[in-house]
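Single-letter residue listing:
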Amino acid sequence: MPRDMKAPIHDINPVASIGPNCSNGPKARASKARWRAFGVRLCWSLLSVGLFALIWEAAWLAGLADPRLLPPPHVFLADFGAQARHFNTSDRWLITSGEVAARPAALAVLSTVTATATRVLAGLALAAIAALTMGLAARYWPLFGKLTLPTVTFLAPVSAVTWLPVAIFIFGVGSMPAIFMVFIALFFLMLLATVSQIDAVEAPYLEVARMMGASRRQIFLQVVLPAILPGLFVILRLNLFAAWMVALFVEATGVSRGLGQVVMLVRNGFNPRLVFFTIVLLGVIGYLFDLGFRLIERRALYWLPGGGGGQYLDR
Amino acid sequence: MTAERPLSLACRGVGKIWSPGLPSETRALADLSLNVGHREIVAILGPSGCGKTTLLRLAAGLEQPSDGSVLAAGQPVAGPSPTRTMVFQVPCLYPWQTVWENVSFGLALQGVSRQDRHDSARGMLAKFGLAPVMGQLPHTLSLGMQQRAAIARALLMQPALLILDEPFAALDVLMRQRMLRYLLETVRETNGAVLLATHDIDEALALADRILVMTARPGRIRTELRIDEERPRDLNAPALLAARRHLTGVIGDEADRAFLEQEA
Ligand SMILES: Nc1ncnc2c1ncn2[C@@H]1O[C@H](COP(=O)(O)OP(=O)(O)OP(=O)(O)O)[C@@H](O)[C@H]1O
Ligand SMILES: [Mg+2]
């Protein structure tokens, strides 16, 4: 989509009901409405979580939930300072100096989360770009497709976890093996998905382009690419969870330090406060990732009816 | 039709078999011949399923005939080309482009600047009453509006042959008449010929220089009727009333045959 936003002419107007003579900024109003919708959704999310926490607290008050096994939110959240100690893993890895102990608890949590999130994002981005490029190439140059796709089909079902030794052989320890593993977990599946999306592009789209005199290259870049983008976003979002699991798994094995090590502590130790603290943390991260994704999607797929971002299922 | 000019379209003994060799094998066209002259408007009438769309797709170069040959401007049709643009039965606009970007897509492919594209699209869209919505996305338009935009897109290429597959089915009667008028004007300006498939006898009578009636499947040309009235035409003129009666009879006959065949 070669869309030159600076060109001084007609803007896109994605809102159906607003006519051309509408004077006071249809765009501004649309964005205001969108923010309001976002606020409403956030309120419901908070209410939902709050309700759940409330039931838990009530159970604790009534003596139904043993605070040693099922510490209610106010207990494990109040213990933030003590639990954050466990998050020092990535600090040690990042700084390797004596001042680690002096770092504030919040910073320890933040740097650990950032280390893992960065790996997830890097792996995701690399996998998405590589899969898209290679998928298009496999259909643009049929010979290339014939040479590569069978191998990809063969490798796609192999569990990503199996690749861990390879990741270590190639990259040793640190961030790289984790990024590589996230990449591997997503790349093959996304490549196959890209190819099947390309094959599913509606024939009339291609026929119109051919009638208008489009070259093969123009068809791929200006018709096929935008046509498959919505499907690819869906696949990317569905695989977000898998990407996190793989990153946590790699970190848990000790290859790279990060949130995964905390999860391992959670699994191996008996510390209910840390367990629930970590669950809350992972929940918040997941929510933020999903939110970020929707925002990107809404930007990239502004043209989808309903504005993209899976709005239909949400309401 | 001027004799020196090559025919805009010539079909010679054209046959088309869909999915040959499969259980679903269908003979859509058999030994069909027709000509469309320079600047001529030819309408094709026929019962549903007789192969009108198949014929138009062959003319556009989107399919190859199983038999015979299809020539455009004297050359065999090897594939689609901007000189023969087709408007499909169902409007097909790119949902990721605004209406005017859709309409000027052919120019974009040729590297025309955005400002020039915008101007040409505006001119064409204004004729079809779509200037106010040119900055909107296609899904915000009604089906009839989308179809008008698709016609505008095909016309903007100034094709030597414009191929229309029941393009006005989604429009109301008054809108249909207007569209026909604008269509005629624009085609006259660009010296193009038109091949139009339709169910609607009045549409054919109002528009065409020549009307061809197809037989039930496998389709071939059964009758040909030349209409010499001046345009705009009064459909209640005696000559046209007679023509309508004649066409209604022939088409009814073919529709009955098509129906009986389906039952058998
Ligand atoms: N892509 C295809 N593959 C297989 N068979 C096809 C295909 N397209 C059309 N046919 C068959 O060819 C025959 C003619 O179809 P066609 O679409 O040309 O009819 P039509 O005259 O345009 O009908 P309508 O007026 O309903 O649009 C039908 O029997 C149809 O089943
Ligand atoms: Mg048809």
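Predicted model only: the values in this text are computed from it and were never measured.

### A short note on the domain arrangement of chain A
Residue and element names in this part refer to chain A.
For step 1, the next point in the chain: Domain parsing of chain A yields domain 1 (31–65) and domain 2 (110–300).
For step 2, the next point in the chain: For domain 1 versus domain 2, the distance between C-alpha centres works out to 31 Å.
For step 3, the next point in the chain: Each side of the interface is counted separately: domain 1 has six residues, and domain 2 has five residues.
For step 4, the next point in the chain: Approximately 450 Å² of surface area, both sides summed, lies buried where domain 1 meets domain 2, with 64% of it carried by carbon and sulfur atoms.
For step 5, the next point in the chain: Our enumeration of links across domain 1 and domain 2 arrives at zero salt bridges.

### A look at the coordination of the magnesium ion (ligand 2)
Residues and elements named next belong to chain B.
For step 1, the next point in the chain: Within the protein, the atoms that donate to the magnesium ion (ligand 2) are Thr53 (OG1) and Gln89 (OE1), at distances of 1.9 to 2.6 Å. Of this pair, threonine 53 sits in helix H1 (residues 52–60) while glutamine 89 sits in the loop between strand S6 (84–87) and helix H2 (99–103), and the two are 36 residues apart along the sequence.
For step 2, the next point in the chain: Owing to a relative accessible area of 37%, glutamine 89 belongs among the partly exposed residues under this scheme.

### A word on the site of ligand 1
Residues and elements named next belong to chain B.
For step 1, the next point in the chain: Ligand 1 sits among 15 residues. The nearest are Ser48, Gly49, Lys52, Thr53 and Thr54.
For step 2, the next point in the chain: Here an oxygen atom of ligand 1 sits 2.8 Å away from a polar atom, N or O, in the main chain of glycine 49.
For step 3, the next point in the chain: In this structure, histidine 199 approaches ligand 1 through a side-chain N or O atom, which is 3.0 Å from an oxygen atom.
For step 4, the next point in the chain: Broken down by secondary-structure element, the contributors of at least two residues to the shell around ligand 1 are strand S2 (26–36) and H1.
For step 5, the next point in the chain: By residue number, the principal contributor to the shell around ligand 1 is H1, which donates three residues.
For step 6, the next point in the chain: Of the residues contributing to the shell around ligand 1, the split by class is three nonpolar, nine polar and three charged.

### Side note on the environment of tyrosine 205 of chain A
For step 1, the next point in the chain: Within the secondary structure layout, tyrosine 205 of chain A lies in helix H9 (residues 203–211).
For step 2, the next point in the chain: By relative accessible area, which is 13% here, tyrosine 205 of chain A ends up buried.
For step 3, the next point in the chain: When the C-alpha positions of tyrosine 205 of chain A and alanine 227 of chain A are compared, they lie 8.8 Å apart, and in sequence the two are 22 residues distant.
For step 4, the next point in the chain: If near-sequence neighbours (up to four positions away) are discounted, tyrosine 205 of chain A is found in contact with Val223 and Ala227 of chain A together with Cys92, Leu93, Tyr94, Pro95 and Trp96 of chain B.

### Notes on the confidence of the model for chain B
For step 1, the next point in the chain: The predicted model of chain B has a mean per-residue pLDDT of 90, with 98% of residues at 70 or higher.
For step 2, the next point in the chain: Mean pLDDT per element in chain B: helix H6 (residues 173–190) of chain B is the minimum at 83, and H2 of chain B is the maximum at 96.

### So, the environment of proline 165 of chain A
For step 1, the next point in the chain: Along the chain, proline 165 of chain A falls in helix H7 (residues 164–171).
For step 2, the next point in the chain: For the pair formed by proline 165 of chain A and proline 177 of chain A, sequence separation is twelve residues and the distance between their alpha carbons is 9.3 Å.

### Focus on the pairing of strand S4 (residues 67–72) of chain B
All names here are of chain B.
For step 1, the next point in the chain: In the sheet, strand S1 (residues 9–18) pairs with S4 via four bridges, with the strands oriented antiparallel. Of the residues in S4, the one forming a bridge with cysteine 11 is valine 70.
For step 2, the next point in the chain: Looking at chain direction, S4 and strand S5 (residues 75–76) are connected through two bridges and run antiparallel. Considered in S5, the bridge of leucine 71 is made with proline 76.
For step 3, the next point in the chain: Between the antiparallel neighbours S4 and S5 lie two residues, among them alanine 73 with a positive phi of about 50 degrees.

### So, a nonpolar patch on the surface
Residue and element names in this part refer to chain A.
For step 1, the next point in the chain: The grouping of Leu42, Leu46, Leu77, Val280, Val284, Tyr287 and Leu288 at the surface amounts to a nonpolar patch, some 600 Å² of accessible area in total.
For step 2, the next point in the chain: Of all the elements in the fold, those that place two or more residues in the nonpolar patch are helix H1 (26–61) and helix H13 (272–300).
For step 3, the next point in the chain: Ranked by residues supplied to the nonpolar patch, first place goes to H13 with four residues.
For step 4, the next point in the chain: Along the polypeptide, valine 280 turns up in helix H13.

Rules behind the numbers
- Residues numbered from 1 in each chain as written.
- Chains lettered and ligands numbered in written order.
- Predicted model: local features only at pLDDT ≥ 70, side-chain atom pairs only at ≥ 80, totals over all residues.
- Heavy atoms only, no water.
- Domains from an automatic or database assignment.
- Contact = heavy atoms within 4.5 Å.
- Buried area = accessible area lost by both parts, 1.4 Å probe.
- Salt bridge = Lys/Arg side-chain N within 4 Å of Asp/Glu carboxyl O.
- Donors = N, O, S within 2.8 Å, 3.2 Å for Na, K, Ca; no water.
- Helix = DSSP H or I, 4+ residues; strand = E, 2+ residues; numbered from the N terminus.
- Buried < 20%, exposed > 50% of the residue type's maximum accessible area, 1.4 Å probe, protein only.
- Near = heavy atom within 4 Å.
- Polar contact = N/O pair within 3.5 Å; in protein donor to acceptor, adjacent residues only side chain to side chain.
- Nonpolar A, V, L, I, M, F, W, Y, C, P; charged D, E, K, R; others polar.
- pLDDT = per-residue confidence, 0-100.
- Pairing = 2+ DSSP bridges.
- Patch = residues over 30% accessible without salt bridge, like charges linked within 9 Å, V, L, I, M, F, W, Y side chains within 5 Å.
- Areas by Shrake-Rupley, 256 points an atom, 1.4 Å probe, with all protein chains shown as cover.

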